[in-house]
Every structure is written in structure tokens, then in C-alpha cells.
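Descriptive analysis of the structure
Here are the chains, one letter per residue:
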Amino acid sequence: MTTLLEPKLLSANLLGVRQSGASPDTSVDEVAERQRASVPHRIAIRPQHSTNEILADYRLAFLSRQASLVGRREVMSGHAKFGIFGGGKEVAQITMAKFFRPGDFRAGYYRDQTLALALGMTTLSEFFAQLYANPDPHEEPASGGRSMNAHFATRFIDEQGHWKSQVERYNSSADVSPTAGQMPRLVGLAYASRLYRQVEELKQFADFSHNGDEVAFGTIGNASTAEGVFWESINAIGVLQAPAVISIYDDGYGISVPNDYQLTKGNLSALLEGFRREPGSDKGFDIYTVPGWDYARLVKTYRRAAHNARTRHIPALVHVTEMMQPQGHSTSGSHERYKSEDRLKWEADHDPIPRMRAWILDNGIATAAELDELEAEAKAEVQAARDRAWNALLSPLHAEANQLCDLLEQAALYSHRGEELNALSEALQKAEKPERRMMLTTVRKALTIIYDEENPFWDDLVRWKQGRIEENRRRYGAFLTSESERAAVKVPRVAPVYPERPRMARGFEILQANFDALLAKDPRVIIFGEDSGYLGGVNQGLAGLQAKYGTLRVSDTGIREATIIGQAIGMAMRGLRPIAEIQYIDYILYALATLSDDLATVQWRSAGGQKAPVIVRTRGHRLEGVWHSGSPMGGLLHFLRGMHFLVPRNMTQAAGFYNTLMQGDDPALVVEVLNGYRLKEAMPENPGEFTVPLGVPEILREGEDATLVTYGAMCRIAMNAAETLADLGVSLEVIDVQSLLPFDRHHMIVESLKKTGRLIIADEDVPGGASAYILREVMEKQHGYYWLDAEPRTLTSQPHRPAYGNDGDYFSKPNVEDVIDVVLEVMHEAEPARFKTMR
Ligand SMILES: Cc1ncc(C[n+]2csc(CCOP(=O)(O)OP(=O)(O)O)c2C)c(N)n1
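Here the structure is a predicted model, which means the values were calculated and not measured.

1. Structural notes on the site of the ligand
Taken together, 17 residues lie near the ligand, and Tyr109, Tyr110, Arg111, Ser224 and Tyr253 sit nearest. At 2.5 Å from an oxygen atom of the ligand is found a side-chain nitrogen or oxygen belonging to Ser224. In this structure, an oxygen atom belonging to the ligand sits 3.2 Å away from a side-chain N or O atom of Asp251. Its residues placed into classes, the shell around the ligand shows six nonpolar, eight polar and three charged.

Set out below in C-alpha cells:
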């Protein structure tokens, strides 16, 4: 019989599970630093792994289960709103954690609490802080209270927005809730290792990689593998030979729906067979099937999977079968409603915790009494962490509530409705958890009570209310875009430089020269997309660049928009500067979920702890045909808050935007003008250097009578119309917005309205699309309403998609004559005697 572990070997520190011990004034960095220091480098377990390590693993699995049970109780008692836990998946995760090395990455989902606890990606206190939605990032560093529980994330950047070293940490990219949404990102997290290993110039970035030895661990539930992006991601990882180890936790269900409804033949292992690597080949995946309760086999499996991924960049799929859910799916319902008695009995028999306990006893690794003691200690630790997290949540709330109560009681002394104010104060004082929402409804109620009085505390109450609203807007809204000194909005303008007689070049040549300069300047710039490599892009903006910089820096991808974006996200999180190309904007919809759920929210959902400065390059507006003339700007504008969204009118402006973005650390989408590649522009002498500032429109033509606001391909049309209108006696001011997000940061458009008093907004989107957004910006945010003396107008495409051919285009999209019509109507309204309409 082996002896029980030394108590110190069982300490939480050994397991990487500790209290953060953060005081309110501890910086997030310090917490992260301590976390890193206290997380031991795990040693690969050998077949004869030590009893100490086995018991430490069992303790952790048990502790994690305990956290699930206590967490569920916290929801049931009303301390938290919702809980989803990792019960039933513990043993697979402690074994996976053994082979997770500093520098490795995780892209997983809400079942990963044991993995996260094992690696110190979360502490127990932080786990409970997230359950309680504590918005203090010192207490809840994964998302600052923004994400539901079990959405894990480590902090990649410090409070100044600078990258921390990644090779010394266990890194977790920030989780999202859409099932399989983590998979596209996994492609890039894994592929970055390949680039760091194979691109010589990247070897210098030692804070991000050690020879590309890092493995990206992905996790996903069985039912989520029915999602399209799962298969797209697996295929992309296989094609790219990216070192990902993907675990599929198979508990037979997706909430209530069994595998037979999720997968052909109901059998994932069978479906995955085609991805299997042939013996002797490096192409394809190593595929393992292993029961989720079998500690010894899991250890063996993950050791091999991680080894092959790390050393040979062979990806692995680990289908972890025979899993169960001791608590059902989440706190939203009980699984007894949809699982048969037989199934429930089967689940109880396959619970990995009792099974591991039995295995330990059978193998004489510890006695029952020793395990009991260990379990009791783990329970106490969970309880202590819960208490600490709960108190940490409450103390600032009570302090804030006390402030308000003082104010209410003082106001009560001067009010003839003092009793009502005192009652509000008492209710606040009695609340176990005086939420900020309650405080705000209380103070607003108090203001209505004393509304008709001359109360000397009126101003104090109003100030308190406004102060808290601003504080809370920031508490929940900060980091939508970068707040670092490298924020793209802070990049100043650098004008293009031209010789006295510049060479006139076609638009694509300007872009090509600019991308050439960017690639030459910074080895972290990696460009990829469909036809981007060998062909140099369907519009030749990358012509010759693959030959010059190699197939890894300028590469072709499969037709897989979602994972092109995911590839870029993962690479950007690992310090690279990807430029991901979506061939036409019409096809960006396939990537929209990844763009919107993942890329656009990275900084915000991690409360400023992560960034992914991806540049997405695409092209749109009018060309030919239903799916090559799209301009779905309104949709994108609304889905992509958190990214910059730029619509340059020509390729010089586009190049300037790329140069700006490259100096910044925000993600962005740039839409080039599809029919502008062959138009001639002057070739600047400083490619890669000149910049176009974000959120600054340009006046293309000055005028006195009306202001036409537009962007992209409509700029040329507006300028042509302005020529004719000038002949008809209308002086039209044409403004190119060029940056939809951010929009006219210095309110230049309203200055034009002060002069003209008339506004027309024109674009190629559907009615009520981006034009409505612009209208709101100008009317509401810039107070343009006050300067108008005619009805503001929008001129847009028709509500249907643009039909094919010249006539289809003419009657689908706004054209020069339409602009003239609308401007004349606006002028007619103002001066009917002088201007006729043509309608
Ligand atoms: C795209 C999307 N559709 C639906 C949901 C709602 N939902 C959350 S979890 C879940 C089931 C997932 O089952 P599985 O992948 O097997 O993982 P498990 O929860 O069983 O570990 C569903 C349908 C979601 N989060 N995202």
C-alpha cells in the first residue's frame, strides 16, 4: 500500500488551483503574474506515473465536481442567474492538462472547467466570480463579468494593451457561446505554430513561440459537431497540417436531442474515419476513441496525441466517448425530462469520478480513508473559494449602496415625503445583494418622489445617478475597440508623396506596391485567401508577391470563408499580423458568425484582456451580377461593432487604410471598390508609409447648395452628377465618408450642412441600410436637424439584389441620373421658382 501524499504535495498550488488573493488595488497584471508563477510546468506522465500525481489528479477532478455542485446550488438559491458546468468531463480534462505546456493554446467551450482549473486558467474564486457576474476584472479576469459562467479566457495583453509573453503561460482564447464557434479560431491558433516553425524571419519573436512547438487544444461537444464550421475547421486544420489536438466530448446528447438526430449513422468516429492519417504519412489526423472515465487510457491517448502534434505537427482528433452529465445540461432544466431511466442508470454507472476512485482503490494507490480525507479537504477548499468570491462581490456593492442610503436619508429630512425616501433606503440596506440595477432604480424613484420639491439634495442625487450611469456604462462597455496607445484611431495622417510627374498606374498596381512594402517591412504580415497566392488575387493586388515572399507568407486557401477569418483570428492572437482576404463581399456572409461573434467581440468580451488585430480585405459594390455587386453595408455595420469598417473610394485610399491599420491594434474590414482595380491613379513614392486616418471624411467637391454624403463606388457617380448639376445651376458639395466605423469623428458633415442646409445621403445598400445609419449619425449625433431647410433624403439601391447586366444594374442601383433627380427635387423644395424637377 502506498502512503498518503504529503499534505504539501496535495496543496492547491501543486494543482494550479489557488485563490487569486487579489485585493481591490491589485492590478490585473499582478494577478496574472502570480498565477503564472504558481502554475507548475506539468511533467508528461509516464506509464508508471507516480501515485502522487494520480492522487493529485483525482483530487482535482473531485474538486472540480464539487465546484459544479456548489455552483448549481448558488444558482438554485438565487445567488447567480444561470450555471453551466463541467460535470462528467473531469477525468478527460485532467489528463489533457498533463500534456498542455506553457505556450500552448486552448479554444474550447463551457465544459472545460476542470482543464481551466488544472492549468490555472481560472482559479476557484474566479470561477465563482464569473458565476456571480462580478464585473471587476481583478476578480473575474476572463470577461470582467460580461460572459456567462464557464467562458474561460486568459489575459494576453497588459493594461497598456501590450502583448505579454505567451511562451511562459497556459493560454486560453476567450470562449464564445455559439456551439462550434470556437473551431474556426482553433485553425489559426494551431496554424501559427507551423508559421513560427517554418518562416525563418519569425524565429525572432521568442515571446510568442519556441520553434512552433506549441499545440492548440480544441474542445467541442458531440452535438456541436453537426455544425458546418466544425467540418470546415477540421478540413482546414488537416489541409494546413496545423498542430491541433481536438477533443470531442461525447455524452450522446445535445441538450435533449440524441446523436441519431445529430449525425449520420449517429456515430462520429465512423464519420471521422476519412480524416485518418495513413501509416507512414504525415497527412491527415491521428484519431483516437477513448472512454471518458478511463484515466489510464486517457493519459496514454493524450500523451501520444500531444507528442505527435508538438513534434511533427500532426493534428489529432480525440473522440472521448461514454461520457455523462451528472447535472444535466445546465441549470435551465433537468435531464430527467428527456432521458430514460435506463440511460440515467447508465450515466450513474459511468460517472468518471467514482470510476477513478474505484480504480485507485483497486490498484492499491490509496485507501478509502485516505481518499475520504482528500475529498473532505477539496470540499472545504471549494466552499472557502465560494465564500471569498461571494464576499468580494458584495463588499463594493454594499459600500456603494451605503453612499446612496446616506443621500436618501439626508434628502428625507427636507422632504414632505421623507417616509417614502427612508423606505427606499431601508429596502436597499436589507438587500443581501444590492445590485447596481437596484441602486439606479432606487435613485431614479427617489428623484420622482422629490420632483416637485425644492430639496437641497436634488443635485447630489442627480449627480450620484449620472456618475453611476457613466461608471456602469464604462464598466460594461469599455474595450469595444482598442484603448491602447496603438489604437488605430490614433494613427496620424501621412500624405502620399508624389514626384512632380507621377506615373499613372492601375489601381491594382498601387495596392500591389503597397502590400509588397508591408510584407517587406514586417515578417509578421501574412496574407491569405482564395486565389491570393499563386494567382496573386483575382484582381492582381498581390501579383508576384508569393513568388517574392514564399508560399507561407502569401498563400492560397480553400473556399472556406468562416475558417479564413478564424485562421486570421487565431494567428493574430498569437502575435502575427494576418491580412485575410474574402474574395467578394457577397461571400462574407458565410463568415459572418465568426466575424461578429468572435472577431468583433474579442477585446470587449475579454474586458480588454485579449486582442486580435486582423485585417479583413474584401471587395464589393457594383460589378456584374447578383453575387458580385453586393453592398450589404447596413448588415455588416450592425454586426461588426467592435471592428473598424472602411470603404475607400479608390486603391490609394485603400492602401492608406491598410497602412493605418497595420500601425494599430484593432481588427478591421476594408471593402475595396470592385470596379476600381483597372482605373488609373497616381503611384505614390511612399508605399507602406502613407496613411489615411480613421473616421475622417473627405470633401471631394465643395459646394454651396446641398450636401451629398456618400462613399465607395458611389463617389465617382456623385462626382459625375455634380458636374451636370453645376451646369443646371446647383452647387453640390460631395463628401466621401470613407470610414463607416468609426464615423466622422470630428463632425465634419454638420459643418457642411451649416453652409448648405440640405442633405442627401447616397449609397448602394438597400433602403434603410447604411444610409439610415448615416442619417442617424448626422441628425442625432451631430444635431444636423437644426441646420436643415429641406427634407433630408436618402438615395439607395432597390430592396432586391442587383440584377445582372447593364439594364439590371441601372434599375437596381442608384446611377448618375438618379442622383441628379434627387438633388433637383431637394432644390425644388427650397426654391420652386428656380428649380424644376424631372419627375
Ligand atoms: C449556434 C448555437 N445553437 C444553439 C445553441 C444552444 N445550445 C447550447 S448548448 C447546446 C447543446 C450542445 O451540445 P453538445 O455540443 O453535445 O455539448 P454538451 O453541452 O453536451 O457538452 C445547444 C443546442 C448555441 N449555444 N449555439
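Having put the structure on the table, let's press on.
2. Remarks on the layout of surface pockets
The space that makes up the largest pocket amounts to roughly 550 Å³. What lines the largest pocket is a set of 24 residues, among which Lys81, Tyr132, Ala133, Lys433 and Glu435 lie closest to the centre. Counting only elements with at least two residues in the lining of the largest pocket, the list comes to α6 (124-131), α14 (368-413), α16 (436-449) and α17 (458-477). Within the lining of the largest pocket, the residues separate by chemical class into ten nonpolar, eight polar and six charged.

3. Observations regarding the packing of helix α7 (residues 183-198) against helix α8 (residues 228-240)
The description of two helices packed together rests on the angle between their axes and the distance between the axes. Between α7 and α8, the shortest axis-to-axis distance is 8 Å and the interhelical angle comes to 10 degrees. Comparing the axis directions of α7 and α8 gives the class roughly parallel. Mapping the contact onto sequence places Met183, Pro184, Leu186, Val187, Tyr191 and Arg194 in α7 and Val229, Phe230, Ser233, Ile234, Ala236, Ile237 and Leu240 in α8. Residues that form the contact of α7 with α8 fall into these classes: eleven nonpolar, one polar and one charged.

4. Let's talk about the sheet that holds strand β4 (residues 244-249)
Strands belonging to one sheet form pairs held by backbone hydrogen bonds; the direction of such a pair is parallel or antiparallel. Strand order in the open sheet formed by six strands is β2-β1-β3-β4-β8-β7, with parallel pairing between adjacent strands. Here the strands that pair on one side only, and so sit at the sheet edges, are β2 (171-172) and β7 (286-291). Note: strand β1 (residues 105-107) against strand β3 (residues 216-221), three bridges, orientation parallel. When the bridges of β3 are listed, Ala107 appears paired with Gly218. Of the strands in this sheet, β1, β3 and β4 are in contact with α7, which crosses β3 at around 165 degrees. Of the strands in this sheet, β3, β4 and β8 (316-321) are in contact with α8, which crosses β4 at around 150 degrees.

5. Details of the pairing of β7
In terms of burial, β7 is largely enclosed, as five of its six residues are buried. Taken together, the six bridges between β7 and β8 define a ladder with parallel strand orientation. Pairing of Ile287 across the sheet is with Leu317, part of β8. Handedness of the β7-helix α11 (residues 295-312)-β8 crossover: right-handed.

6. Considerations on helix α4 (residues 90-98)
Counting buried positions along α4 gives nine out of nine residues, so the element sits mostly inside the fold. Within α4, burial applies to Glu90, Val91, Ala92, Gln93, Ile94, Thr95, Met96, Ala97 and Lys98.

7. Side note on the packing of aromatic side chains
Under the defined criterion, the tally for this structure stands at 23 aromatic pairs. A centroid spacing of 6.3 Å and a plane angle of 55 degrees characterise the contact between Phe85 and Phe127, whose relative ring orientation is tilted. With Phe85 in the loop between α3 (51-76) and α4 and Phe127 in helix α6, this pair connects stretches of sequence that are 42 residues apart. In terms of burial, Phe85 and Phe127 fall into one category: buried. For the ring pair Tyr414 and Phe457, a centre distance of 5.9 Å and an interplane angle of 45 degrees mean the geometry is tilted.

8. Quick notes on the side chain of Glu375
Along the chain, Glu375 falls in helix α14. A polar atom in the side chain of Glu375 sits 2.5 Å from the side chain of Tyr58. Those residues in contact with Glu375, other than ones at most four positions away along the chain, are Tyr58, Phe62 and Arg357.

9. Describing the nonpolar core
Counting 90 residues, the largest nonpolar core has Phe128, Val245, Ile360 and Leu461 as the members making the most contacts within it. The element contributing the most residues to this core is α14, with 17 residues. The next biggest cluster of nonpolar side chains, apart from the first, holds 85 residues, and it includes Leu189, Ala190, Ala600 and Leu759.

10. Quick notes on empty space enclosed by the protein
If you walk through the whole model with that rule in mind, you get five cavities of 30 Å³ or more. One number sums up the size of the largest cavity: a volume of about 70 Å³. Broken down by class, the residue content of the lining of the largest cavity amounts to six nonpolar, two polar and two charged.

11. Section: the sheet that holds strand β15 (residues 668-673)
Spatial strand order, β11-β10-β12-β13-β15-β14-β20: seven strands in an open sheet with mixed pairing. Bordering the open sheet on either side are β11 (554-556) and β20 (739-741), each of which pairs with just one other strand. In this sheet, neighbouring strand axes are inclined to one another by 20 degrees on average, regardless of whether the strands run parallel or antiparallel. Examined bridge by bridge, strand β13 (residues 615-620) and β15 share six bridges and lie parallel to one another. Following the sheet pairing, Val616 is matched in β15 by Leu669.

12. A word on the pairing of strand β21 (residues 759-762)
Both faces of β21 are covered, namely the face carrying Leu759 and Ile761 and the face carrying Ile760 and Ala762. Bridging between strand β18 (residues 706-710) and β21 involves three bridges; their strand directions are parallel. The partner of Val709 across the bridge, within β21, is Ile761. On the question of chirality, the crossover connecting β21 to the parallel strand β22 (residues 793-795) by way of helix α27 (residues 770-781) is right-handed.

Calculation notes
Residues numbered from 1 in each chain as written. Predicted model: local features only at pLDDT ≥ 70, side-chain atom pairs only at ≥ 80, totals over all residues. Heavy atoms only, no water. Near = heavy atom within 4 Å. Polar contact = N/O pair within 3.5 Å; in protein donor to acceptor, adjacent residues only side chain to side chain. Nonpolar A, V, L, I, M, F, W, Y, C, P; charged D, E, K, R; others polar. 1 Å grid on protein atoms, 1.4 Å probe; cavity = no way out; pocket = protein on both sides within 12 Å on 5 of 7 lines; lining within 4 Å. Points joined across faces, edges and corners; volume = space filled by probe spheres on them. Helix = DSSP H or I, 4+ residues; strand = E, 2+ residues; numbered from the N terminus. Axes fitted to C-alpha atoms, helices over the stretch in contact; angles between N-to-C directions. Parallel < 35°, antiparallel > 145°, perpendicular 65-115°, else oblique. Contact = heavy atoms within 4.5 Å. Pairing = 2+ DSSP bridges. Buried < 20%, exposed > 50% of the residue type's maximum accessible area, 1.4 Å probe, protein only. Right-handed = clockwise from strand over helix to strand, strands pointing away. Phe/Tyr/Trp six-rings, centres within 6.5 Å; stacked < 30°, edge-to-face > 60°. Core = buried A, V, L, I, M, F, W, Y, C linked by side-chain atoms within 4.5 Å.

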